[in-house]
Amino acid sequence: MEQTRQRAEREAPEQTPKGQAGGGAPGGRRLCAQCRWLCRALARADGFVRAHTPLVIGLCLLCMAAVATLKFRVYSPEQFYDANGVLNAVNAGGRADVDQSFGFTIRAFLLLRGLFGALSLEQWGYVLLVPGALAFALLVWKARPQNLCAALLLLCFSVLLPFFVFTVGKDMLQYLAFFLVALALLYIPAEWGKISAAAALLAPVALLFRSYYALMIALMLLVFLVMRGYRAQRGVKRRALLLCAAVCAVVAGLFLLRALLPETADALFTIRSATNYAMGKDHTADKVILDVLPFERSAPGFLVNYCVAAVRMLLPFELCASPGDIPFVIFELLLVGLLAAGFVLSRRGGALTAVYAAIAAFFLMSFFFEPDFGSWFRHQAAAFPLLWLGVGRPRAAKEG
């Protein structure tokens, strides 16, 4: 009997007193096992995305074709106000009572009308889908998605692009301009050559189409110089001093602008309030980005409005109040998170200085004037060729 009892004690599992290390071990082990399984599944998904870029591109193109086909089944063509305005002007042979950007857009589509004839809004969508999708596929092939989140972001763009951009309107022209900038950033080897080519390509856009792209050029060059200087400095203190000096220089420039060119400062500082007022939007309107200090003409007040708008645009959690807007919140968080991660992982921007300088300039410019979230998401979709270079990994950079 004694031998049987000793054998049973040896074969029984060891019991850990409650409260000591390992207490509750079965539940803890199950949780750890589930976490490990999830991590392995995500790693496999990331590997699948990296290994099957053509499949990802094909799914995105199918999604684009589906959205282009279904959007006029769900929404009436009359609900696309800007596109209808341009289309009516094109079919009428042009209009004189429009601003610079609308006038240039109308003239551009008048030239295309000579090639394709008079088309409906839906037919234009299919015509513009072809070059837009080809440009999309080329960029994704050259700068490949590296993880599941990047593939999900591509699917988001695959919905936004045919809905907002691949149609008669200004956004298609901006998409093509950003595509040319992206090609320059991809294929020109030297960083100074990249940034110079990007500025040269955006200059005619600022002169002929939308003047605020001159602001983007200035911001892009400024950010590029700061990033180059940051990389050249050694030590945390020197880099911190450089960043502080850059911020102080920008703030001082705003005060000088207010003192020397008050009319220009008024137009710049109040552009968002003036746009919303001209469009008849007030605090009761949906998804409007209102200034905290409306029509504020002082430099400190402008900085408050600018910083608040930047936070709201990058982290649009307020849209979660409407369930239908939650996908847009997810899209924005994916985009901002992946851009930030890409910047950090690419040697703090050292390998792609010109790319991240151009992306930062786009965001900094947008914080000045975006009047509502709908316009903000639409303009980000039009800037896809530029933004994607900060998310995907260029093949040349990977191979080198």
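Structure shown above.
Here's what I pulled together on the structure shown here. Remember, predicted model here, so these are calculated numbers, not experimental data. (Residues numbered from 1 in each chain as written. Predicted model: local features only at pLDDT ≥ 70, side-chain atom pairs only at ≥ 80, totals over all residues. Heavy atoms only, no water.)

**A look at the overall build of the protein**
Helix and strand counts for the protein stand at 19 helices and two strands. Looking at the protein residue by residue over its 400 residues, the buried ones come to 41%. For the protein, the exposed surface amounts to about 21100 Å²; the carbon and sulfur share of it is 67%. (Helix = DSSP H or I, 4+ residues; strand = E, 2+ residues; numbered from the N terminus. Buried < 20%, exposed > 50% of the residue type's maximum accessible area, 1.4 Å probe, protein only. Areas by Shrake-Rupley, 256 points an atom, 1.4 Å probe, with all protein chains shown as cover.)

**Points about the layout of surface pockets**
Its boundaries defined by the atoms lining it, the second largest pocket holds a volume of some 1400 Å³. Around the second largest pocket, the lining is made up of 39 residues, and of these Leu219, Val223, Tyr306, Ala360 and Leu364 lie nearest the centre. Along the lines of polarity and charge, the residues of the lining of the second largest pocket split into 33 nonpolar, four polar and two charged. (1 Å grid on protein atoms, 1.4 Å probe; cavity = no way out; pocket = protein on both sides within 12 Å on 5 of 7 lines; lining within 4 Å. Points joined across faces, edges and corners; volume = space filled by probe spheres on them. Nonpolar A, V, L, I, M, F, W, Y, C, P; charged D, E, K, R; others polar.)

**Describing the pattern of salt bridges**
Per the counting criterion, the structure on display carries seven salt bridges. Residue Glu122 pairs with Arg73 through a salt bridge whose shortest N-O separation is 2.8 Å. Of this pair, Glu122 sits in helix α6 (residues 121–142) while Arg73 sits in helix α3 (residues 53–74); the two residues are 49 residues apart in sequence, bridging distant segments of the chain. For Arg73, a relative accessible area of 54% translates into the label exposed. (Salt bridge = Lys/Arg side-chain N within 4 Å of Asp/Glu carboxyl O.)

**A look at empty space enclosed by the protein**
Tallying each qualifying case throughout the model produces two cavities of 30 Å³ or more. For the largest cavity, the calculated volume is near 50 Å³. Along its surface, the largest cavity is lined by Gln174, Phe178, Tyr212, Tyr213, Phe362, Met365, Ser366, Phe369, Glu370 and His379. It is helix α16 (residues 353–369) that provides the largest number of residues to the lining of the largest cavity, a total of four residues. Its boundaries defined by the atoms lining it, the second largest cavity holds a volume of some 30 Å³. Together, Phe269, Arg272, Asp291, Phe302, Asn305, Tyr306 and Phe368 line the second largest cavity. Here the lining of the second largest cavity takes three residues from helix α14 (residues 299–314), the largest share from any one element. Grouping the amino acids of the lining of the second largest cavity by side-chain chemistry returns four nonpolar, one polar and two charged.

**What about the environment of Leu152?**
Structurally, Leu152 can be placed in helix α7 (residues 148–165). The class for Leu152 is partly exposed, based on a relative accessible area of 39%.

**Notes on a nonpolar patch on the surface**
On the surface, a cluster of nonpolar side chains totalling about 940 Å² of accessible area is made up of Trp37, Leu38, Leu42, Phe48, Leu55, Leu59, Leu62, Leu148, Leu152 and Leu155. For the nonpolar patch, the secondary-structure elements that each account for two or more residues are α2 (25–51), α3 and α7. With four residues, the single largest contributor to the nonpolar patch is α2. Note that Leu59 resides in helix α3. (Patch = residues over 30% accessible without salt bridge, like charges linked within 9 Å, V, L, I, M, F, W, Y side chains within 5 Å.)

**Some remarks on the side chain of Arg210**
Turning to its location among the elements, Arg210 is positioned in the loop between α9 (191–208) and α10 (213–232). For Arg210, the residues in contact, after removing those within four places along its chain, are Ser101, Lys170, Gln174, Val205 and His379. (Contact = heavy atoms within 4.5 Å.)

**Here we look at the nonpolar core**
Formed by 109 residues in total, the largest nonpolar core has its most connected members in Phe136, Leu161, Phe362 and Phe384. The dominant element in this core, judged by the number of residues it contributes, is α16, at 13 residues. Here Leu161 is in contact with Met64, Phe136, Phe166, Tyr175, Ala381 and Phe384, once residues within four sequence places are set aside. (Core = buried A, V, L, I, M, F, W, Y, C linked by side-chain atoms within 4.5 Å.)

**A closer look at the state of the cysteines**
Inspection of the entire model under this criterion finds zero disulfides. No disulfide involves Cys244; its sulfur sits 6.4 Å from that of Cys248, the nearest cysteine. (Disulfide = S-S within 2.5 Å.)

**Here we look at the packing of helix α4 (residues 81–91) against helix α5 (residues 100–116)**
Contact geometry of α4 with α5 gives a least axis separation of 9 Å together with a crossing angle of 60°. Considering the angle they form, α4 stands oblique to α5. For the crossing formed where α4 meets α5, the hand is right-handed. Counting all contacts with α4, which are made through Asp82, Val86, Ala89, Val90 and Asn91, the residues of α5 involved are Phe102, Thr105, Ile106, Phe109, Leu110 and Arg113. Classifying every residue of the contact of α4 with α5 by side-chain character gives seven nonpolar, two polar and two charged. (Axes fitted to C-alpha atoms, helices over the stretch in contact; angles between N-to-C directions. Parallel < 35°, antiparallel > 145°, perpendicular 65-115°, else oblique. Left-handed = near helix turned anticlockwise from the far one by under 90°.)

**What to know about α9**
A rise of 1.5 Å per residue sets the reference length of α9, with its 18 residues, at 26 Å; its end C-alpha atoms lie 27 Å apart and thus fit the reference within 8%. Residues of α9 that are buried include every one of Glu191, Lys194, Ile195, Ala197, Ala198, Ala199, Leu202, Val205 and Ala206, and no others. Against α8 (170–187), α10 and α16 lie the buried residues of α9. (Expected span 1.5 Å × (residues − 1).)

**Points about α6**
Taking 1.5 Å as the rise per residue, α6 with 22 residues should run 32 Å; its terminal C-alpha atoms sit 31 Å apart, in good agreement. When the local axis directions of α6 are compared, the greatest deviation, roughly 30°, occurs at Leu129, which is followed within four positions by the proline Pro131. For α6, the set of buried residues is Leu121, Trp124, Gly125, Leu128, Leu129, Gly132, Ala133, Ala135, Phe136, Ala137, Leu139 and Val140. (Bend = angle between axes of the 7 residues up to and from the residue.)

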